[in-house]
Amino acid sequence: PQDVPKFRSSVDVVSVSAVVKDRKGKFVPDLKQEDFVVSEGRELKRILDFRAESDGPVKLGLLMDASGSMRIGQIAVDARETARHLFSALRSDDQAALFSFDSRLDRVSPFTSDTAALDAALGRLNPPYGQTSLYDAIAEAANLVATEGRAEGRLSQRSALVVLTDGIDTISRSTTDQVAVIASRIDVPVYIIAVMSPIDDPRSDESPSFDATGLQQLARGTGGEMFIASAPAHASVAARQIVAELRHQYVLAFEASSRPGWRGISVQSRDKKHTVRARTGYSAGGSSRPTPANGPG
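Computed from a prediction, not measured in an experiment: that's the story for all the values here. (Residues numbered from 1 in each chain as written. Predicted model: local features only at pLDDT ≥ 70, side-chain atom pairs only at ≥ 80, totals over all residues. Heavy atoms only, no water.)

Engineer: Quick question: what am I supposed to make of the overall build of the protein chain here?
Structural biologist: Summing up its helical and strand segments, the protein chain has six helices and 15 strands in all. Each of the 297 residues in the protein chain was classed as buried or not, and the buried ones make up 54%. Carbon and sulfur atoms form 49% of the exposed surface of the protein chain, whose accessible area is close to 14500 Å². (Helix = DSSP H or I, 4+ residues; strand = E, 2+ residues; numbered from the N terminus. Buried < 20%, exposed > 50% of the residue type's maximum accessible area, 1.4 Å probe, protein only. Areas by Shrake-Rupley, 256 points an atom, 1.4 Å probe, with all protein chains shown as cover.)

Engineer: Can you walk me through empty space enclosed by the protein in this structure?
Structural biologist: To find leftover empty space, one rolls a probe the size of a water molecule over the atoms. Taken as a whole and assessed by the stated rule, the structure comprises three cavities of 30 Å³ or more. The calculated volume of the largest cavity comes to roughly 70 Å³. Surrounding the largest cavity, ten residues form its lining, Met64, Asp65, Ala66, Arg80 and Leu125 being those nearest its centre. For the lining of the largest cavity, the elements supplying multiple residues, two or more each, are strand S5 (59-65) and helix H1 (75-88). Residue contributions to the lining of the largest cavity peak at three residues, all from H1. In terms of lining, the second largest cavity is formed by Ser17, Ala18, Val19, Asp187, Pro189, Tyr191, Thr222, Gly223, Gln249 and Arg277. (1 Å grid on protein atoms, 1.4 Å probe; cavity = no way out; pocket = protein on both sides within 12 Å on 5 of 7 lines; lining within 4 Å. Points joined across faces, edges and corners; volume = space filled by probe spheres on them.)

Engineer: Teacher, can you tell me more about the packing of aromatic side chains here?
Structural biologist: Remark: the centre distance and the inter-plane angle together describe each pair of aromatic rings, the angle taken between the planes. For the structure on display, the rule yields four aromatic pairs. With 5.9 Å between their ring centres and 20° between their planes, Phe50 and Tyr250 make a pair best called stacked. Placement of Phe50 in strand S4 (residues 47-54) and of Tyr250 in strand S11 (residues 248-255) is noted, with a sequence separation of 200 residues between them. An identical accessibility class is assigned to Phe50 and Tyr250; each is buried. Judged by centre distance (5.6 Å) and plane angle (70°), the ring pair of Phe254 and Tyr282 falls under edge-to-face. Of the two residues, Phe254 sits in strand S11 while Tyr282 sits in strand S15 (residues 281-284), which places them 28 residues apart along the sequence. Ring pairing ties together the aromatic residues Phe36, Phe50 and Tyr250, which thus form one cluster. Cation over ring: Lys59 sits above Phe111, and NZ or CZ is 4.6 Å from the ring centre. (Phe/Tyr/Trp six-rings, centres within 6.5 Å; stacked < 30°, edge-to-face > 60°. Lys NZ or Arg CZ within 6 Å of the ring centre and 35° of its normal.)

Engineer: Hey, could you run me through the pairing of strand S6 (residues 95-101) in this one?
Structural biologist: Put simply, side chains in a regular strand alternate between the two faces of the sheet. Most of S6 is tucked away, with six of its seven residues classed as buried. One ladder, built from seven bridges, connects S5 with S6; its direction is parallel. Residue pairing for S6: Asp65 is matched across the bridge by Phe101. Summarising the sheet, S6 and strand S7 (residues 105-112) pair through five bridges and their orientation is antiparallel. When the sheet's bridge partners are listed, Phe99 is paired in S7 with Arg107. (Pairing = 2+ DSSP bridges.)

Engineer: Explain the sheet that holds strand S14 (residues 275-278) to me, please; I cannot follow it from the model alone.
Structural biologist: With antiparallel pairing, four strands are arranged side by side in an open sheet as S4-S11-S1-S14. The open sheet terminates on both sides in strands that have one partner only, identified here as S4 and S14. Strand-to-strand twist in this sheet, taken as the mean axis angle between neighbours without regard to direction, amounts to 30°. Pairing of strand S1 (residues 13-21) with S14 involves four bridges; the strand directions are antiparallel. Looking across to S14, one finds that Ala18 is bridged to Ala278. (Axes fitted to C-alpha atoms, helices over the stretch in contact; angles between N-to-C directions.)

And the structure:
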């Protein structure tokens, strides 16, 4: 008889969703479990479960910055248009919810497949006002997206938080490292779209007063990505790419470490021509509050 793998009933299993692209930036299909390597430090992790997700429904939590700095120029108007690009990329079997924040988080619309209702909810957003608690809002909203997934019986591997902001934070208690730990623990990738005027675009030779390092670190640490939208075309491209990535993912599961705290991980393809993006860690031992000492970096 064939050997049947036996696992202890107390084993905690960590699931990680991964996006794989080739050198041209195209999704790599048809990979198998043996094509991936998962490591935690120097320890190779045995992959206990594997599946390829393709063209499935997605669940987006959209977090809109409603702080006072968004009143500058057309930033708030451009952010709403960017949100509409995201809604237009959704299908009838997708869902999205709308949140807003300044110094606190507000739930504007629950998860729904009704894009007309979502568009109407955009019109109910309060005018930008107050200070910005960007990192704290991301952490809280990521937990809400995860809670929604658990209410359905399991955390959807195609759930994500998309943040529309000018990138300015004034009063958060959380650091980027701490927020990345929170989001990576619950496996919710965070995509950040920084909405700004062309003159503030860090890719411009004229200005770059905007430092994207912290936000980019946060997004990539969760398996997400950061985009800069200083023109309508940028917003459209970002929206399509985010939804496409969520539809084309590989999901890998492995046994969690017995050592409590934040554990750094690496997910790679055996083909060096492939680029894999996945969260960079998880929290072992059921720790509910990350600390700077346990964070990445």
